[in-house]
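Read off the chains here:
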Amino acid sequence: MLLASVSFGQHPNIVIIYADDIGFGDVSCNGNRSVSTPNIDRIAEEGCRFTDGHSAAATCTPSRYALMTGEYAWRKKGTGIATGDATAIITPERVTLPSVLQKAGYRTSAVGKWHLGLGTGVIDWNRPIFPGPMEVGFDECFIIPATGDRVPCVYVENHSVVGLSANDPIHVSFSGPVGDEPTGLQNPELLKMQWDHGHNSTIVNGISRIGFMSGGKAARWVDEDMAEVLTSRAVRFIDQHVASHKKQPFFLYFSTHDIHVPRAPLPRFVGTTSMGPRGDAIAQLDWSVGEILRSLDQHRLKQNTIVIFTSDNGPVLNDGYKDDAVEKIGNHRPAGPWRGGKYSAFEGGTRVPFLVRWPAKIAPGSVSEALICQIDFLASFAELTGEPLPPGSGRDSQNLLRTLKQEDRNGRDHLVQQAGAISLRQGKWKLIEAHSGPALSRQVNIETANAPELQLYDLTTDPGETRNLAEANSARVAEMQGLLKKIREN
Ligand code: NG6
Ligand code: CA
């Protein structure tokens, strides 16, 4: 429905707020009663809340790969959770969401978590670092190279580590110690947050990490400032854009560290919720979202800006640090009604908050049950901007622009979901392939959905994926296996 005829003579701006590890039920518009998220909810109130919206995978790197390239990550080797020194997974010749928008005249910026690798060989963090975001379509970037819990614990702006001093070079290793700095394993007495599994190498800012680093002391981030630093960079991009590039539309990929581990929010959020650091990080994330919305309001950009809020994978409680996430969960259900969470092939792994505000096109307070995935942004926004996708690019991305605009209620016919096991969603049906891994991931206490036999669920009558109908529906299983085979061979 066209609510207002807005003509800025240009395409809408696009802001993707990509939260980390936020579960379907972690936002109050999807039922969180323990922490309130008024700013995130505002996107739904003023736009559309999709209830069957997905990340392409149940972990970060493959989800981001798919969002950027429009290609399922399971098609390409080396797209699993990237180490902190991984080489660039998306190479410069690839067609990506930012490169398509850039070609369509957008100014593009990436702020926050990257986790798609950098460089081509062994990265020297003391020299210009590329290829990275700027070689795949971003005009500028200010990033966490990998994750908050992996070294190097420094920001990279465009091609350089921010605040690095030439006489204190950075060394990084994921195979063994570098330098002589204390580690979480040997010096737990120095920690302000204890590790639980993994995360026991070099201590940075009182928190031990995955991997070893030495040097770069002045450049190291302070976890408790991170939300402030990243949010202000995102807002600054919008401010500067309005000041100097008014005629161009912009694309902002704001990829928050929240609520990934380590959860060490700004002091003003500490203790503001009943759920400990994980809850406080949700409150902080909501504040960050509010700052972006406020900036759009201030610049009168609300009407013609698409704002998307979603998450790279489902929720996890203890993901390697003793931060009370398990102890203080109370009645809260981070994945909402869905089974499983991060790392899981059950719906909780990829069915995430999926909120889209676009006042020029979407009626406020809409709800859509259409099946949609972040992998579809590429083809949808190519359509929006009239920018043709070169043959062979974005082959798994579907143009769902009409679904985003509420002109279509169905969305995708089918979607492949990636965790340990591969699943196929088609309408109400969900087929999970057999997988030899453990049924329960003990460290994080999440059901993986791995099982030696095929699983088939009817999500309409059994949203919790508890009754395996595979044996009783062998024809359906065979049909879906056939479709999966065809998709694989594409
Ligand atoms: C895992 C880490 C986990 C988290 C995850 C990546 C261990 C034991 N676990 O390997 O803490 O960092 O990788 O999360 O090290 S993601 O959201 O970026 O995919
Ligand atoms: Ca994640």
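Student: Looking at this structure, I do not really get the nonpolar core. What am I missing?
Tutor: One finds Phe309 and Phe381 to be the most contacted residues of the largest nonpolar core, which totals 98 residues. Excluding residues within four positions of it along the chain, phenylalanine 309 makes contact with Ile17, Ala19, Ile22, Val27, Ile40, Ile43, Leu285, Val289, Pro353, Phe354 and Leu355. Membership of the second largest hydrophobic core comes to 19 residues, among which are Ala66, Ile422, Ala470 and Met480.

Student: I keep staring at the side chain of arginine 412 and nothing clicks. Help me out?
Tutor: Mapped onto the elements, arginine 412 comes out in the loop between α7 (401–404) and β15 (414–418). Residue arginine 412 is classed as buried on the basis of its relative accessible area, which comes to 5%. Here the side chain of arginine 412 touches aspartate 376 through a polar contact of 2.7 Å, side chain to side chain. Of note is the side chain of arginine 412, whose polar atom sits 2.8 Å from the backbone oxygen of aspartate 396.

Student: Explanation requested: the packing of helix α4 (residues 226–244) against helix α5 (residues 276–298) in the structure shown.
Tutor: When two helices pack together, their arrangement is given by the angle between the helix axes and the distance between those axes. In contact at an axis separation of 10 Å, α4 and α5 are set at 15° when each is read in the N-to-C sense. With respect to α5, the element α4 is oriented roughly parallel. α5 is crossed by α4, and the crossing has right-handed handedness. Where α4 approaches α5, its residues Ala227, Glu228, Thr231, Ala234, Val235, Ile238 and Asp239 are matched on the opposing element by Gln284, Trp287, Ser288, Glu291, Ile292, Ser295 and Leu296. Split into classes, the residues belonging to the contact of α4 with α5 amount to seven nonpolar, four polar and three charged.

Student: Help me out: how do you make sense of the site of ligand 1 in this one?
Tutor: Around ligand 1, the surrounding shell holds 18 residues, and the nearest of these are Lys113, Asp149, Arg150, Asp319 and Lys342. In this structure, an oxygen atom belonging to ligand 1 sits 2.9 Å away from a side-chain N or O atom of lysine 113. Contacts to ligand 1 include histidine 199, whose side-chain N or O atom sits 3.0 Å from an oxygen atom. When grouped by side-chain class, the residues that make up the shell around ligand 1 number four nonpolar, seven polar and seven charged.

What counts as what
- Residues numbered from 1 in each chain as written.
- Chains lettered and ligands numbered in written order.
- Predicted model: local features only at pLDDT ≥ 70, side-chain atom pairs only at ≥ 80, totals over all residues.
- Heavy atoms only, no water.
- Core = buried A, V, L, I, M, F, W, Y, C linked by side-chain atoms within 4.5 Å.
- Buried < 20%, exposed > 50% of the residue type's maximum accessible area, 1.4 Å probe, protein only.
- Contact = heavy atoms within 4.5 Å.
- Helix = DSSP H or I, 4+ residues; strand = E, 2+ residues; numbered from the N terminus.
- Polar contact = N/O pair within 3.5 Å; in protein donor to acceptor, adjacent residues only side chain to side chain.
- Axes fitted to C-alpha atoms, helices over the stretch in contact; angles between N-to-C directions.
- Parallel < 35°, antiparallel > 145°, perpendicular 65-115°, else oblique.
- Left-handed = near helix turned anticlockwise from the far one by under 90°.
- Nonpolar A, V, L, I, M, F, W, Y, C, P; charged D, E, K, R; others polar.
- Near = heavy atom within 4 Å.

That is the geometry; function is a separate question.
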